[in-house]
Amino acid sequence: MRVIPKSIATSTLERQCVSYYKTANIRTSNGGIGMKLTSSKPTLDDNDNKKHSKNLKMARYTLTYFDIRARGEAIRLLFKYAGVEFKDVRIQRADWPKIKPTTPTGKLPYLEVDGKILPESGAILRYLARQFKLIGDNELETAFADSVVETYRDFKANIRPYVHVSAGLANGNADELYKDVYVPNRDIAFKYLESVLAKSESDFIVDSGVTYADIFIAEHITTLLYLDPSFEKALPQFVDYQQKVFALPQIKDYVASRKVSKV
Ligand SMILES: N[C@@H](CCC(=O)N[C@@H](CS)C(=O)NCC(=O)O)C(=O)O
């Protein structure tokens, strides 16, 4: 019998991402946050654009999320990759019922920038990816990175029944869900990713090099490595891929020293 990994939701904090609190949604009371961005297209590795980089570094971003990786960590990684400072507000579970009604959608994460509040992790990711030039070299590459991320999001949604049962949030047979739901979806998703990487001229999803899609997927592979005892054996090339992304000098140290969170 397959041994279920020690529950992936070892703490109630880690459960927050897959549970839905019943508190009613009420409009935000959050205020503005400071400096205006002067450019939507900073180049962080180009001397001619040091000015933009400086402005971005000075812009005050606040990311509000729970004290877990889940939907927040790829966003944190984009900031780290770009070397752009941000306030990393981590809500503790005990405080959430009180805070929830003050948030725009009753959900986390949301990003505050330039006095505006931007909910939705996907929109935040794409916004920052555009800001930090992590969207490939042309519009087709951008669309392709988006496309791969959407496919990956579907995979995440498809395996949710297994994740919920495995995390003790729903009743069900974890072994059956693993076999009948998780593994088939994993294999379809990663077969597709394998073909994408095989066709790429770089080690990453698009030909021109790393994009936010790589960071998003490498980040989630961390969760799969906790969730799926056979991942490493079944898909060693994706452990290598994750390591390649995590070895990027901009994020290497952060990944090595960040707080452990199973989801
Ligand atoms: N579509 C939203 C979903 C946000 C979401 O479901 N957030 C979860 C945490 S991962 C949450 O806020 N749960 C607490 C609650 O629903 O009260 C996004 O991607 O940002």
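Given the structure is predicted, the values throughout are model-derived calculations rather than measurements. Throughout this description, residue numbers start from 1 for each chain and increase along the sequence as written. Since the coordinates come from a predicted model, pLDDT governs what is reported: local features require at least 70, and pairs of side-chain atoms require 80 or more to be given and counted, while whole-chain, interface and lining totals use all residues. Side-chain numbers here rest on the full set of heavy atoms in the structure, without hydrogens or water.

### Topic: helix 9 (residues 212–227)
Because each turn of an α-helix spans 3.6 residues, side chains separated by three or four positions in sequence point in the same direction.
Here's step 1: Every helix listed is a DSSP run of H or I at least four residues long, and every strand listed is a run of E at least two residues long, numbered separately from the N terminus. By this rule, a helix spans an expected 1.5 Å times one less than how many residues it contains. Here helix 9 spans 23 Å end to end across 16 residues, near enough to the 22 Å set by a 1.5 Å rise per residue.
Here's step 2: Categorising residues by exposure relies on relative accessible area from a 1.4 Å probe, with only protein chains included: less than 20% of the type maximum marks a residue as buried, more than 50% marks it as exposed, and the intermediate range marks it as partly exposed. Counting buried residues in helix 9 gives 14 out of 16 residues, a clear majority hidden from the surface.

### Here's the deal with the side chain of Glu141
Here's step 1: Secondary-structure assignment places Glu141 in helix 6 (residues 139–158).
Here's step 2: His is not counted, nor are the chain ends; Lys and Arg add positive charge and Asp and Glu add negative charge. Put simply, a salt bridge is a Lys or Arg side-chain nitrogen that is within 4 Å of an Asp or Glu carboxyl oxygen. For Glu141, which is buried and forms no salt bridge, the nearest opposite charge comes from Lys133, at a distance of 11 Å.
Here's step 3: Non-local contacts of Glu141, meaning those with residues more than four positions away in its chain, are made with Ile135, Gly136, Val206, Asp207 and Ser208. Residue contacts follow a heavy-atom distance rule, with two residues in contact if any of their heavy atoms lie within 4.5 Å.

### Here's the deal with the pairing of strand 2 (residues 87–91)
Along a regular strand, successive side chains alternate from one face of the sheet to the other.
Here's step 1: In this description, strands pair whenever DSSP reports at least two bridges between them. In terms of strand pairing, strand 1 (residues 61–66) meets strand 2 through five bridges, oriented parallel. Residue pairing across strands places Thr62 opposite Lys87, the latter belonging to strand 2.
Here's step 2: You can see the chain leave strand 1, run along helix 3 (residues 70–82) and come back into strand 2, and the turn it takes is right-handed. With the strands aimed away from the viewer, a crossover counts as right-handed if its path from the first strand over the helix to the second runs clockwise.

### Structural notes on the pairing of strand 3 (residues 110–113)
Here's step 1: The side-chain alternation of strand 3 yields two buried faces, one formed by Tyr110 and Glu112 and the other by Leu111 and Val113.
Here's step 2: Pairing geometry for strand 1 and strand 3, over four bridges, is antiparallel. When the bridges of strand 3 are listed, Leu63 appears paired with Leu111.
Here's step 3: Sheet analysis places strand 3 next to strand 4 (residues 116–119), joined by four bridges and oriented antiparallel. Its bridge partner being in strand 4, Val113 is matched across the sheet by Lys116.

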